[in-house]
Amino acid sequence: MGAKIIDGKAIADEIRAELAKELEGLKTKGIEPGIATLLVGDNFGARMYRGAVEKFCAEMGFNYREETHPADISEADVIRIVESLNADAKVSGILPLRPFPEHISDSAVINSISVDKDIDCFHPFNMGKLALGEPTFPPATPSACIELMERYMKGEGIDPKDGFEGAEICVVGHSNIVGKPVSFLCLNRNASTTTVHVFTSMKGNLEKHTTAADYVVVAAGFPNLIGSEQVKEGAVVIDVGINRVIVCPECGTYNRAKKDPCKKCGADLSEAEGKTVGDANFDELVGKVKAITPVPGGVGSVTNMMLAKNTLRAARLLAGA
Ligand code: NAD
């Protein structure tokens, strides 16, 4: 039997409907959730994300406040802007869109955000609460991984509490924004949680850990890192990776850039197609695992809904409701 493809888009739609009801309830009490973005300079990725947040706010029925400033603004002025966002009753959540220019310290900006408006859990206070197992705002992407696992378990008739307790979960990646918080969220649910990373691979130990896992959550930014050799039969794979690759028209190998010849067969890539893939080798795994999230259409689809959930929570906190 083939693997179950965990449909992130369908799960996101279910959550959206649940949140729409919650939002309606809040609005009848005069509570209007809103998000502010803080962008300094013109980094391409940050600008794309800003546009996506604005669109998402319009779709969700949230207020949106844009703070976009030239790269030469001073750090003191950025912090004054954060303070005005902290004081704005229409702003429930603040999203700093990094990278900031070099003269602006990430931590100075993040530490000035009100901990009650820190909807993606960047502030050390909220990361500390997450580590202690009492998060106010579990960060969006890691929460999306948990949500996908929980809804998958429910679909299989497993109570998520039982599903997590004692489960072998291997998290591949230990970044502050994905790997570590995913590991905390799994540990908080009493899973036997192993976190592996690039140094694990360098010592040749990756498979030792991943093949022991019931659930493999991979967030490495490395296409095809997890294939059939890296998982046990019947595992569940949650693929967080988002990688833009150039597919060699001759041998199908994924390459990073069009300007160089294919790293495997040397073919010219100047006319080759680009593709978005995860960190898991989907085609290989689908014959071995019990379930897997696709890329696109998996974790990324649910991430926004987790951010929306935190925005509603922040709006309630702000209103004391
Ligand atoms: P990062 O570069 O900050 O961290 C990568 C992690 O992977 C590190 O811990 C590193 O040690 C580990 N790693 C790298 N190569 C490895 C290897 N060969 N073996 C084992 N571990 C290895 O990246 P990040 O910000 O944590 O993001 C990870 C991936 O998730 C990226 O592809 C990113 O685009 C994606 N992402 C997706 C979403 C989403 O909503 N779906 C959100 C954030 C990030």
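Note: the structure precedes this text.
Bear in mind the structure is a predicted one, so any value in this text is a computation, not a measurement.

J.: Go over the environment of N190 with me, naming the residues and quoting the values.
T.: Within the secondary structure layout, N190 lies in the loop between α8 (179-188) and β6 (192-196). Apart from the residues lying within four places of it in its own chain, the contact partners of N190 are F164, E165 and G166.

J.: Describe a negative patch on the surface, listing the residues and the values that go with them.
T.: Residues E207, E229, D283 and E284 make up a contiguous surface patch of negative charge. Relative to the assigned elements, E229 resides in the loop between β7 (215-218) and β8 (236-239). Judged by relative accessible area, E229 falls into the exposed class, the value being 62%.

J.: Residues and numbers for the sheet that holds strand β2 (residues 34-40), please.
T.: Reading across the sheet, the three strands line up as β3-β2-β4 and stay open at both edges, with parallel pairing between neighbours. Of all the strands in the sheet, just β3 (63-69) and β4 (93-97) have a single pairing partner and so form its edges. In this sheet, neighbouring strand axes are inclined to one another by 15° on average, regardless of whether the strands run parallel or antiparallel. Sheet topology note: the β2/β4 ladder contains five bridges and is parallel. Directly across from L38, in β4, lies its bridge partner P96.

J.: For the packing of aromatic side chains, give the residues involved together with the corresponding values.
T.: In this structure the tally under the stated criterion is one aromatic pair. Where F56 meets F62, the ring centres are 6.2 Å apart and the plane angle is 85°; that geometry is what we call edge-to-face. Judged by relative accessible area, F56 falls into the buried class, the value being 3%. Just above the ring of F122 sits the side chain of R98; from NZ or CZ to the centre is 4.5 Å. Across from the ring centre of F164, 5.8 Å away, lies the NZ or CZ of R189, which sits over that ring.

J.: I'd like a description of the state of the cysteines, backed by residues and values.
T.: In protein structure, a disulfide is the covalent linkage between the sulfur atoms of two cysteines. As enumerated under the stated definition, the model contains zero disulfides in all. No disulfide involves C57; its sulfur sits 19 Å from that of C121, the nearest cysteine. By relative accessible area, C57 is classed as buried at 1%.

J.: Describe the pattern of salt bridges, listing the residues and the values that go with them.
T.: Counted according to the given criterion, the structure contains 17 salt bridges. Between R151 and E18 there is a salt bridge, with the nearest N and O atoms lying 3.0 Å from each other. Of this pair, R151 sits in helix α6 (residues 140-155) while E18 sits in helix α1 (residues 8-28), and the two are 133 residues apart along the sequence. Looking at R151, the relative accessible area reads 18%, which means it is buried. With a relative accessible area of 42%, E18 lands in the partly exposed category. R80 is the partner of D77 in a salt bridge, and the nearest nitrogen-oxygen pair spans 2.6 Å. A residue pair is termed a helical-turn pair when its members lie 3 or 4 positions apart in one helix, as D77 and R80 do in helix α3 (residues 75-87) at three residues. For D77, a relative accessible area of 31% puts it in the partly exposed group. In this structure, a network of salt bridges that share partners links the residues E14, E18, E147, R151 and K309.

J.: Explain the packing of helix α2 (residues 44-60) against helix α12 (residues 299-319) residue by residue, including any values.
T.: Across the interface, α2 lies against α12 with an axial gap of 12 Å and an inter-helix angle of 65°. Seen from above, α2 lies across α12 with right-handed handedness. Contacts between α2 and α12 involve Y49, F56 and M60 from the former and N304, M305, L307 and A308 from the latter. Of the residues contributing to the contact of α2 with α12, the split by class is six nonpolar, one polar and no charged.

J.: Break down the packing of α6 against α12 for me, with residues and values.
T.: Running from amino to carboxyl end, α6 crosses α12 at an angle of 110°, the nearest separation of the two axes being 8 Å. Considered as vectors, α6 and α12 are oriented roughly perpendicular to each other. Seen along the crossing, α6 lies across α12 with a hand that is right-handed. For the pair α6 and α12, contact is made by A140, T141, S143, A144, C145, E147 and L148 and by V299, V302, T303, M306, L307 and K309, respectively. Across the contact of α6 with α12, the residue classes tally to eight nonpolar, three polar and two charged.

The rules behind the values
- Residues numbered from 1 in each chain as written.
- Predicted model: local features only at pLDDT ≥ 70, side-chain atom pairs only at ≥ 80, totals over all residues.
- Heavy atoms only, no water.
- Helix = DSSP H or I, 4+ residues; strand = E, 2+ residues; numbered from the N terminus.
- Contact = heavy atoms within 4.5 Å.
- Patch = residues over 30% accessible without salt bridge, like charges linked within 9 Å, V, L, I, M, F, W, Y side chains within 5 Å.
- Areas by Shrake-Rupley, 256 points an atom, 1.4 Å probe, with all protein chains shown as cover.
- Salt bridge = Lys/Arg side-chain N within 4 Å of Asp/Glu carboxyl O.
- Lys, Arg positive; Asp, Glu negative; His and termini not counted.
- Charge placed at Lys NZ, Arg CZ, Asp CG, Glu CD.
- Buried < 20%, exposed > 50% of the residue type's maximum accessible area, 1.4 Å probe, protein only.
- Pairing = 2+ DSSP bridges.
- Axes fitted to C-alpha atoms, helices over the stretch in contact; angles between N-to-C directions.
- Phe/Tyr/Trp six-rings, centres within 6.5 Å; stacked < 30°, edge-to-face > 60°.
- Lys NZ or Arg CZ within 6 Å of the ring centre and 35° of its normal.
- Disulfide = S-S within 2.5 Å.
- Left-handed = near helix turned anticlockwise from the far one by under 90°.
- Nonpolar A, V, L, I, M, F, W, Y, C, P; charged D, E, K, R; others polar.
- Parallel < 35°, antiparallel > 145°, perpendicular 65-115°, else oblique.

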